[in-house]
Amino acid sequence: MIQERKVIGLKQYVVKLEDTIHKVSFSHNVSVKDILDFNPHLQDGRAYIYPGEQLLIPNSYHGKFKEKQGECVKEFSFGDVKAYIDKWRGHRLLDASVIGKSVLGYPLYLLKIGNGPKEVFYSGGWHANEWMTSKFLCDWIDVVLDNYDKNELFYGDNLKSIFDKVTLYVVPMVNPDGISLVQQGNYPNHPYYHTINRINKGAPSFDHWSANIRGVDLNHQWPAGWKQEADESPQKPWPRHYSGTSPLTEPEVLAIYHLTLKHHFSHVLAFHSQGQVIYWGYRNMEPKISKEMVDRLSLRSSYVPVRTADSDGGYKDWFIQETGRPGFTIEVGVGTNPLPFRAYGEIWANNVELALEGLKISI
Ligand SMILES: [Zn+2]
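Residues numbered from 1 in each chain as written. Predicted model: local features only at pLDDT ≥ 70, side-chain atom pairs only at ≥ 80, totals over all residues. Heavy atoms only, no water.

A. Up close: the coordination of the zinc ion. In the first shell of the zinc ion, the protein supplies His127 (ND1), Glu130 (OE), Glu130 (OE) and His272 (ND1), at 2.0 to 2.5 Å from the metal. Around the zinc ion, the four donor atoms sit at angles spanning 54 to 148°, and that spread fits a shape best called irregular. Each donor residue of the zinc ion belongs to the same chain, with the gaps between them written as H-x2-E-x141-H. In this pair, His127 is assigned in the loop between β5 (118-123) and α4 (132-150) and His272 in strand β7 (residues 265-272), connecting sequence segments 145 residues apart. (Donors = N, O, S within 2.8 Å, 3.2 Å for Na, K, Ca; no water. Tetrahedral: all angles 85-135°; square planar, octahedral: opposite > 155°, others 65-115°. Helix = DSSP H or I, 4+ residues; strand = E, 2+ residues; numbered from the N terminus.)

B. The arrangement of unusual backbone geometry in detail. Pro338 follows Asn337 through a cis peptide bond whose omega is -10°. With respect to the helices and strands, Pro338 occurs in the loop between β10 (327-331) and α12 (344-360). Phi is positive for Leu248, which is not a glycine, with a value near 60°. Tracing the backbone through its elements, the reader meets Leu248 in the loop between α8 (226-231) and α9 (251-262).

C. Quick look at the UniProt feature "domain: Peptidase M14" (unreviewed entry) in the protein chain. UniProt's feature table lists "domain: Peptidase M14" (unreviewed entry) at residues 74-359, given in the numbering used throughout. Along residues 74-359 one finds 37% helix and 16% strand; the C-alpha atoms at either end are 29 Å apart. (UniProt positions renumbered as here; feature names shortened; annotations may be inferred.)

D. Structural detail: the pattern of salt bridges. One pass over the full model with this rule turns up 21 salt bridges. One salt bridge in this structure joins Glu353 and Arg300, with 3.0 Å as the shortest N-O distance. Note that Glu353 is positioned in helix α12 and Arg300 in the loop between α10 (289-299) and β9 (304-306), a separation of 53 residues in sequence. Taken together, the salt bridges that share partners define one network made up of Asp157, Arg296, Arg300, Glu353, Glu357 and Lys360. (Salt bridge = Lys/Arg side-chain N within 4 Å of Asp/Glu carboxyl O.)

E. Representation of α4. Over its 19 residues, α4 extends 27 Å from the first C-alpha to the last, a length consistent with the 27 Å expected when each residue adds 1.5 Å. Positive phi shows up at Asn151, right after α4, with a value of about 60°. (Expected span 1.5 Å × (residues − 1).)

F. Geometry of the pairing of strand β3 (residues 94-101). Of the strand pairs in this sheet, β3 and strand β4 (residues 107-114) are connected by six bridges, and their pairing is antiparallel. By the bridge assignment for β4, Lys101 is matched with Pro107. As consecutive antiparallel partners, β3 and β4 are separated by five residues, and within that stretch Gly105 has a phi angle of approximately 95°, a positive value. (Pairing = 2+ DSSP bridges.)

G. Representation of the pairing of strand β6 (residues 166-171) in the model. Counting buried positions over the six residues of β6 gives six, a clear majority of the element. Both faces of β6 are covered, namely the face carrying Val166, Leu168 and Val170 and the face carrying Thr167, Tyr169 and Val171. By the bridge criterion, six bridges tie β5 to β6 in an arrangement that is parallel. Directly across from Ser123, in β6, lies its bridge partner Val171. (Buried < 20%, exposed > 50% of the residue type's maximum accessible area, 1.4 Å probe, protein only.)

H. Structural context of the packing of aromatic side chains. The full count for this structure, using the stated rule, is 26 aromatic pairs. Aromatic pair Tyr84 and Trp88: ring centres 4.9 Å apart, planes at 15°, arrangement stacked. Remark: Trp88 and Tyr84 occur in helix α3 (residues 78-88); sequence separation between them is four residues, near one turn of the helix. Of the aromatic side chains, those joined through ring pairs into one cluster are Phe121, Trp126, Tyr169, Trp222, Tyr257, Phe265, Tyr315, Trp318 and Phe319. Of note, Lys74 hangs over the ring of Phe26, and the distance from its end group to the ring centre comes to 4.2 Å. The ring of Tyr344 carries the charged tip of Lys135 above its face, separated from the ring centre by 4.7 Å. (Phe/Tyr/Trp six-rings, centres within 6.5 Å; stacked < 30°, edge-to-face > 60°. Lys NZ or Arg CZ within 6 Å of the ring centre and 35° of its normal.)

Next up, the structure:
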């Protein structure tokens, strides 16, 4: 009941790129319900809000909103990666650079952490509706840098001694275009409006979308059994699982491809969110040490090692085939993507030590 509420005023807010109801609520210190009450066209807190749309925001105040460590109260998007990079700028342990651009022109950020001779690579945000993996990697780096500065032990480990031996490379968000689509939906001013509508058969929801903005699955694009995977997958651009017309056609994939060839990663961890397991094999091409390494990753989380998924064409598959070195797909979370915000607690708890162990398994 609007009349009963102590509202001393309303302001108009113009929705920006990447805004969601939860993000607007957070930045204005009002509740999601406040926004819904004054904007009755919005059905619930997960309704899309589009750039240029006007919202009424009441002047209710709920205290300064904060997100605690291991908590997720709003969507995590490209702008959040950028905000973290701005925060970290000048840190002696971290360098940020750009390794390419997405189809829509978003920079694909690479973070380099540490000074050691051994190179390790983590990546996340491959699939549009798995943006929590991007959030996890960024939150984790932030806590690592904080503990490094304080010279405190991090889950029993001395970070200085680890980062003297290891340099960790991280691409936290491989698919910013798709992530933005899942969070904000499609709208007439979107540069791919018609393409997206065609691929999605006009459906207004994008929760099931894991591809990039052209409907290509970035983890089906790799020249490792690509043909076989492509033959068993959708034959045209699709919200998920379409392999493209040939391997390595998408700019996001090419950026990771060139990065991988340029470095000598001792092993790679690719973060996804379909099932609380760790895939560690590929067609018997994985080295012997992969088994020992996955057991250690498993011990530091509750995730179960699984040797192979019944699939080809993934980054981990290609990395193992191309280099003969260990590659792992970490499947955080369980349930339907995008996972609800409350799933993040499990993801944080299980991966904070797993990601640390990932630096130690080869030193
Ligand atoms: Zn995935």
